[in-house]
Amino acid sequence: MERDEMINWLSPDRDPADLYARADKARREAVGDAVHLRGLIEFSNFCRRRCYYCGIRAGNAKVRRYRLTEGQVLDCARTAKRLNYGSVVMQSGEDSHWGPAQLAEVVSKVKRETGLAITLSVGEHTREEYKLLRAAGADRFLLRFETSDRRLFGMFKPDSDYDNRFRCLAWLKEAGFQVGSGVMAGLPGQTLESMADDILLFKRLELDMVGIGPFIANPDTPMAGAVSGTLDAALRMVALTRIVTKNAHIPATTAMGSIDPQGRQKALRCGANVLMPNISPTEHRVDYSLYPGKICTNEAPEQCAGCVDAMLDSLGRKRAEGAGHSLKV
Ligand code: SAH
């Protein structure tokens with residue numbers, strides 16, 4: 001699909017029904033009806049960065065900081081295994097106490113004990129550190145580039161470098177990870193053109209996984225009072241990403257479910273084929289507060305599993321078997 005056509009579909013005035021139908025068909029043909037469940041472990045909300053959009057940014061005194069112990073992370077992974085999820089996603093801020101060396105240790109233990117596929121989402125590190133994590137047994141890595149627009153990136157990530165973000169993605173690929181990236185939809189100042197460029201970049205980077213969620217303004221950040229993105233914009237991006245990338249794994253994200261109770265269901269019907277139910281200890285969920293209104297903060301892992309199975313039932317979809325590795329060759 002050409003860039004101009006994408007821009008046209010991204011326009012909020014255009015009826016997206018045909019786009020969604022086309023994306024749903026592309027999803028069925030490329031990845032089938034099964035939905036992969038990845039258990040999300042939010043293992044630390046300490047972060048050295050000050051991204052303007054993010055609630056766990058350094059310096060936000062309103063956040064009650066926590067980090068799970070190695071034993072707690074292992075317990076979460078056991079829960080994932082018990083709930084029959086194919087993989088775990090370990091996500092955190094950039095926490096020096098949970099640096100690559102410590103992470104590598106817990107990754108190898110999770111791998112040895114559960115055999116689950118392991119995805120990391122722990123931000124920017126060096127080429128050698130990525131290699132270490134890969135050697136320890138991590139299979140996949142998520143690092144959203146957040147926006148393809150260099151100027152916007154600079155505005156919202158004051159202590160990160162645009163080029164380094166992409167260098168990290170290249171290093172991850174070189175280290176042999178299945179690589180996921182993604183963006184927020186509806187960042188203030190984001191244009192339809194830049195959203196189309198995000199999607200073209202997903203394709204060019206040959207990503208194994210693409211995560212897209214609406215930007216949700218967080219009152220405890222410098223972006224308090226900004227206008228949040230819409231579910232509509234995020235769904236249009238998911239649909240176009242499915243059509244363009246064909247068989248990438250695309251989650252129906254928590255942010256989508258947080259701005260609309262039907263958000264994840266809608267995403268699963270216009271291109272998404274992955275869900276990431278939370279398996280973090282209930283007591284800490286509320287403190288992993290990237291944005292307000294986050295869903296499932298009072299639930300236990302079992303409840304999220306039940307809820308997700310009911311969701312799949314209602315959509316006529318089923319759980320996928322196995323680890324759900326990349327479908328790219
Ligand atoms: N620290 C890691 C991963 C944790 S944050 C990293 O930087 O890669 C995971 C994702 O949450 C981010 O990539 C961002 O896209 C999203 N996020 C953060 N704040 C958000 C907000 N206010 N609204 C919506 N999504 C947000």
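Being a predicted model, the structure only gives us computed values, none of them experimental.

(A) A look at the side chain of D208. Note that D208 resides in the loop between α8 (192-204) and β6 (209-214). The side chain of D208 sits in the buried core without any salt bridge; K173 is the nearest counter-charge, 6.0 Å away. Not counting residues within four places of it along the chain, the set of residues in contact with D208 comprises F177, Q178, V179, A248, H249, S326 and K328.

(B) Quick look at the nonpolar core. If you look at the biggest cluster of nonpolar residues, it comprises 96 residues, and the most contacted ones within it are F43, M90, L103, L120, F177, I212 and L275. Take this core: its biggest share by element is 10 residues, from helix α9 (residues 231-245). Discounting residues that sit within four places of it in the chain, M90 has contacts with I41, F43, V73, L103, V106, I118, T119, L120, S121 and V122.

(C) Quick look at the packing of helix α3 (residues 70-82) against helix α4 (residues 100-114). The N-to-C vectors of α3 and α4 enclose an angle of 35°; their axes lie 10 Å apart at closest approach. The handedness of the crossing between α3 and α4 comes out as right-handed. Contacts between α3 and α4 involve E70, V73, L74, A77, R78 and K81 on the former and, on the latter, E105, V106, K109, V110, E113 and T114. A breakdown of the residues in the contact of α3 with α4 according to their chemical character gives five nonpolar, one polar and six charged.

(D) Looking closely at the packing of α8 against α9. Across the interface, α8 lies against α9 with an axial gap of 10 Å and an inter-helix angle of 35°. Note that α8 runs across α9; the crossing there is right-handed. Note on element contacts: α9 touches α8 through A233, M237, L240, T241, V244 and T245, opposite M195, D198, I199, F202 and K203. Among the residues making up the contact of α8 with α9, the classes are represented as seven nonpolar, two polar and two charged.

(E) Spotlight on the pattern of salt bridges. Using the criterion set out here, one finds 28 salt bridges in the structure. For D232, the salt bridge is made with R236, and the minimal N-O distance between the two is 2.8 Å. Remark: R236 and D232 occur in helix α9; sequence separation between them is four residues, near one turn of the helix. The structure contains a network of salt bridges with shared partners spanning R48, R49, E94, E124, E146 and R165.

(F) Quick peek at helix α13 (residues 301-314). End to end, α13 covers 20 Å across 14 residues, agreeing with the expected 20 Å (1.5 Å per residue, within 8%). Buried residues belonging to α13 abut β1 (34-44), α3, α11 (263-268), β8 (274-275), α12 (282-285) and β9 (318-319). The first or second residue beyond α13 is G316, which carries a positive phi of 70°.

(G) Here's a closer look at the environment of E146. Summarising the element assignment, E146 is placed in the loop between β4 (140-142) and α6 (150-156). The spatial distance from the C-alpha of E146 to the C-alpha of G211 is 9.7 Å, given a sequence separation of 65 residues. With sequence-adjacent residues up to four places away left out, E146 is seen in contact with Y53, K157, R165, G182, V183, M184 and L187.

Definitions and cut-offs
Residues numbered from 1 in each chain as written. Predicted model: local features only at pLDDT ≥ 70, side-chain atom pairs only at ≥ 80, totals over all residues. Heavy atoms only, no water. Helix = DSSP H or I, 4+ residues; strand = E, 2+ residues; numbered from the N terminus. Buried < 20%, exposed > 50% of the residue type's maximum accessible area, 1.4 Å probe, protein only. Lys, Arg positive; Asp, Glu negative; His and termini not counted. Salt bridge = Lys/Arg side-chain N within 4 Å of Asp/Glu carboxyl O. Contact = heavy atoms within 4.5 Å. Core = buried A, V, L, I, M, F, W, Y, C linked by side-chain atoms within 4.5 Å. Axes fitted to C-alpha atoms, helices over the stretch in contact; angles between N-to-C directions. Left-handed = near helix turned anticlockwise from the far one by under 90°. Nonpolar A, V, L, I, M, F, W, Y, C, P; charged D, E, K, R; others polar. Expected span 1.5 Å × (residues − 1).

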